[in-house]
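Residues per chain, in single letters:
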Amino acid sequence: MLTLYYASGTCALASLIALEESGLTFEVRKISLRDGEQRSPEFLKLNPKGRVPALVTDRGVLTETPAILAYIAHIAPAAKLAPLDDVFEFARLQAFNSYICSTVHVNHAHRPRGSRWADDPAAIEAMKAKVPQNMADCFTLIEQTMFEGPWVMGEAYSVADPYLFTMTGWLPSDGVDPARFERASDHHARMLQRPAVRRALAYDQA
């Protein structure tokens, strides 16, 4: 049995959607970041990073969204969530997810979690002020050079799609109008029509 440790409003949504798409049997354990459950001894034993998502498997615990998404795609090949038979295309998918993880998510985090990088209140405010521009720059690059269409990797849906969907959903809170990005907005709207996405969102909002 797979167990996903999850918190609402986080990047763990991408992993939850991927699991819903996979057809695998799994359970979800929601933790409250507001109540500090990610810092509890029980959770830190699973993931010393104190972050979500964390996926408990029969071989151990996986963390970091790109790794979890790749793992789901590999253990559910029938769901065709990644180009597993083409090493170059799989690497391209990993490059996209790595960019979301290392750059887009980090740019977003400078708004709610600037204290990770600075203690000076003025520096934290300066980071917050830069978030709209940085996020808009990221999505401009995605639309112009990475997004193939109609899905991230082209004609085939993949685990890159729930990751982009999650980030697009954060744009309004970062002071960016998603309508500026026609392709990302269209992608987001089509994602909302997928049953797996609807199930994941229902859980997220419960």
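What you see is a predicted model, and the numbers here were worked out from it, not measured in a lab. Within each chain, residues carry numbers counting from 1 in the order of the written sequence. Note on the predicted model: pLDDT of at least 70 is required for a residue's local features to be given, and 80 or more for side-chain atom pairs to be given and counted; whole-chain, interface and lining totals, by contrast, use all residues. Water and hydrogen atoms play no part in the side-chain values, which are based on all heavy atoms of the structure.

Caption draft 1: Just the environment of Ile-100, in detail. Starting at the N terminus, helices and strands are each numbered in turn, a helix being any DSSP run of H or I of at least four residues and a strand any DSSP run of E of at least two. Mapped onto the fold, Ile-100 is located in helix H4 (residues 87–109). Residues Ile-100 and Gly-154, 54 residues apart in the sequence, show an inter-C-alpha distance of 17 Å. What makes two residues a contact is simply this: any of their non-hydrogen atoms within 4.5 Å. Ignoring sequence-local partners within four residues, the contact set of Ile-100 consists of His-105, Ile-142, Tyr-163 and Met-167.

Caption draft 2: Expanded view of the environment of Glu-64. Its location among the elements puts Glu-64 in the loop between strand E4 (60–63) and helix H3 (65–75). Note on exposure labels: buried denotes an accessible area under 20% of the residue type's maximum, exposed denotes more than 50%, and partly exposed covers the range between, all computed with a 1.4 Å probe on protein chains only. The class of Glu-64 is partly exposed, set by a relative accessible area of 37%. Through-space distance from the C-alpha of Glu-64 to that of Phe-147 is 22 Å; in sequence the pair is 83 residues apart. Those residues in contact with Glu-64 that lie beyond four places of it in its chain are Lys-49, Pro-53 and Cys-101. Counting of polar contacts relies on pairs of N or O atoms within 3.5 Å, with two restrictions inside protein: one atom must be capable of donating a hydrogen and the other of accepting it, and residues adjacent in sequence are counted only when both atoms are side-chain atoms. There is a polar contact of 2.8 Å between the side chain of Glu-64 and the side chain of Lys-49.

Caption draft 3: How the structure looks around unusual backbone geometry. The amide bond that connects Val-52 to the next residue, Pro-53, takes the cis arrangement and shows omega of 5°. Its location among the elements puts Pro-53 in the loop between helix H2 (41–46) and strand E3 (54–57). Residue Pro-150 is reached from Gly-149 by a cis peptide bond, and omega for that bond is 0°. Its place among the elements puts Pro-150 in the loop between helix H5 (121–146) and helix H6 (160–170). Despite not being glycine, Glu-64 shows a phi value in the positive range, around 75°. Residue Lys-80 is not a glycine yet carries a positive backbone phi of 55°. Looking at where Lys-80 falls in the secondary structure, it is placed in the loop between H3 and H4.

Caption draft 4: Broad picture of helix H7 (residues 182–191). When we look at burial in H7, the residues that qualify are Ala-184, His-187, His-188 and Met-191. Taken around the axis of H7, the buried residues stretch over an arc of 100°, which confines them to a single face. Those residues of H7 that are buried are in contact with H5, H6 and helix H8 (195–205). In this context, the arc is that of the directions from the helix axis out to the C-beta atoms.

Caption draft 5: The environment of Arg-183, seen in detail. The topology assignment puts Arg-183 in helix H7. For the pair Arg-183 and Gln-133, spaced 50 residues apart in sequence, the C-alpha to C-alpha distance is 18 Å. Not counting the four nearest positions on each side in its chain, Arg-183 is found in contact with Glu-143, Phe-147, Glu-148 and Gly-149.

Caption draft 6: Just the pairing of strand E1 (residues 2–6), in detail. With respect to burial, E1 is a largely interior element, 5 of its 5 residues being buried. The side-chain alternation of E1 yields two buried faces, one formed by Leu-2, Leu-4 and Tyr-6 and the other by Thr-3 and Tyr-5. The rule for pairing is simple: two strands pair if DSSP sees at least two bridges between them. Pairing of E1 with E3, which is carried by 3 bridges, proceeds in the antiparallel orientation. Residue pairing across strands places Tyr-5 opposite Ala-54, the latter belonging to E3.

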